[in-house]
Amino acid sequence: MKKYLKVIIAAFVALLFVGTFVFLYLKSKPQPVVYDEFRPKVADISKTTVVTGTIEPRDEVEVKPQISGIITEIYKEAGDMVKAGEVIAKVKVIPDMSQLSSAEARVRLADINLKQAETNHKREKMLYDKQLVSAEEYDNVRQALDQAREEKKAAVDALEVVRDGVSSSNASASSTLIRSTISGLILDIPVKVGNSVILSNTFNDGTTIASVADMGDLIFKGNIDETEVGRLVTGMAMKITIGALQNLKFDASLEYISPKATDNNGANQFEIKAAVTVPGGNEIRSGYSANAEIVLDEAKGVLTVPESAIEFVGNDTYVNIVKGEGGKKTYERRKVTTGLSDGINIEIKSGLTKDDIVRGPQKISE
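Let me sum up the structure you'll find in this document. What you see is a predicted model, and the numbers here were worked out from it, not measured in a lab. (Residues numbered from 1 in each chain as written. Predicted model: local features only at pLDDT ≥ 70, side-chain atom pairs only at ≥ 80, totals over all residues. Heavy atoms only, no water.)

**Points about the pairing of strand S19 (residues 345-350)**
If a strand is regular, its side chains alternate between the two faces of the sheet. Summarising the sheet, strand S15 (residues 289-306) and S19 pair through three bridges and their orientation is antiparallel. Bridging across to S19, Thr304 finds its partner in Glu347. When strand S18 (residues 330-341) meets S19, the two strands line up antiparallel, connected through three bridges. Residue pairing in the sheet places Ser341 in a bridge with Ile346 of S19. Linkage of S18 to S19, two consecutive antiparallel strands, is achieved through a turn of three residues, within which Gly343 is found at a positive phi near 95°. (Pairing = 2+ DSSP bridges. Helix = DSSP H or I, 4+ residues; strand = E, 2+ residues; numbered from the N terminus.)

**Digging into the packing of aromatic side chains**
Evaluated as defined, the whole model comprises zero aromatic pairs. Between the NZ or CZ atom of Arg333 and the centre of the ring of Tyr318, over which it lies, the distance is 4.0 Å. Directly above the aromatic system of Tyr331 lies the positively charged group of Arg359, at a separation of 4.8 Å from the ring centroid. (Phe/Tyr/Trp six-rings, centres within 6.5 Å; stacked < 30°, edge-to-face > 60°. Lys NZ or Arg CZ within 6 Å of the ring centre and 35° of its normal.)

**So, the sheet that holds strand S9 (residues 196-197)**
The strand order S7-S6-S4-S9 describes an open sheet built from four strands, whose pairing is antiparallel. Here the strands that pair on one side only, and so sit at the sheet edges, are strand S7 (177-179) and S9. Where strand S4 (residues 69-74) and S9 come together, two bridges link them in antiparallel fashion. Looking at the pairing, Gly69 lines up with Val197 of S9.

**Re a nonpolar patch on the surface**
Nonpolar side chains collect at one region of the surface, where Ile9, Phe12, Val13 and Leu16 lie side by side and expose about 420 Å² of accessible area between them. Relative to the helices and strands, Val13 resides in helix H1 (residues 2-28). (Patch = residues over 30% accessible without salt bridge, like charges linked within 9 Å, V, L, I, M, F, W, Y side chains within 5 Å. Areas by Shrake-Rupley, 256 points an atom, 1.4 Å probe, with all protein chains shown as cover. Salt bridge = Lys/Arg side-chain N within 4 Å of Asp/Glu carboxyl O.)

**Focus on the sheet that holds strand S5 (residues 81-82)**
As a general point, the strands of a sheet are linked pairwise by backbone hydrogen bonds and lie either parallel or antiparallel. Read from one edge to the other, the open sheet built from four strands follows the order S3-S10-S8-S5, with strand pairing classed as antiparallel. Of all the strands in the sheet, just strand S3 (60-63) and S5 have a single pairing partner and so form its edges.

Written as C-alpha cells, this is what we have:
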C-alpha cells in the first residue's frame, strides 16, 4: 500500500513540474500584436468648460437705521416678503447728552423770546387801536411774534427728535421705524431685540438691520480661468446645474465678463455673471452652489475618429490606415488635418473618408 502511495505522489510531482514548464514556455512565446480598429463617423463635437459658482439675487439691499439706538421691536423674520416702505423693526433712541442739552437750551431761549414777542405785540396792539402807531410798525411787531412762535415750535420738534427720535409733527415719517427700501424677500435679520445699532456715517457703515433681495431676478456668479476667458462673449448661452436640487438644470445668458483678473491660489481668473432663467415652480435660495456649462466651440456633422488613434509629430498629425484582412494586415501611415477636439473624439478635416479603417492603440491582454 505504501508502495502505491509513493508512486502516486511521484506522478503528481512530475505532472506539476511538467505543467509549470509548459505554462512558462507558452508565456515566453511572443504574442501577436493586436490593435483596436475604428471606422470614421460623422458626429457633432463641442468643446465645453464648466465654471463653479453660486446663484445670487441681482439686487440685494442692506437696510440700515437712520438713527442710533436700541432695537425694541422686530416685526419681520427671514423668509418673509416685504414691500418697499414696510416697517421691519423699531429703534428706541438713546440721546446724546450734549445734543440733548443744546436742544433743551434752544427751547428755553425760544420760550423767552416768545414771551417777549407776546408782550411787545400786546403793547403795540393797544397803541395801534388808539391810532398812536402806524400800521407798518404794528405789522412788524406782529411778524416778530409769528417768527417767535415758529422758532418755539421748531425748537420743541428738535428736542423731541434728539430725545425720542420722532417729533409730533412728523410721526408718520419717524426715523425710529426701520422700513424696507425695496420690495422682495428678507434673506437675513442679523439683529435681535435689545441690540444696539448705529447709523451709517463717514466713519462706519452702520448696523445692518435686514438684507432684502428680489428673488425673481437671479444671476450666476463664478470665475473662469484666463486660458478660456478669451473665447467668451456676452450673450453666450449657458446651462446651469444646481446639485442641491437633484441636479436641476436651467438656462442662463452670459452678460458680464470682468475686465480685470483676480489671483486665486496663483491662477489668474476672471469673474463672470449670467442672467438666470428659472423654470416655474422651483424655489431657488440665495447662495446655492451651481455649475455653469459653457460651449466654447462646436462643429456639427463633421468626420471624427477617437483622439487615441492620432499620432502627433510636432505640428503634424498622422493616422495608420488598415490594409488587408486577417493575418495579412498592413498599415499605411497617412497625414491628416485635424480640427476641434472634445478630449475623446477629434475632427478630421482632410485625409480620411468614411470608408477608411483607422488603427487605434494596441490591445493589452490581461
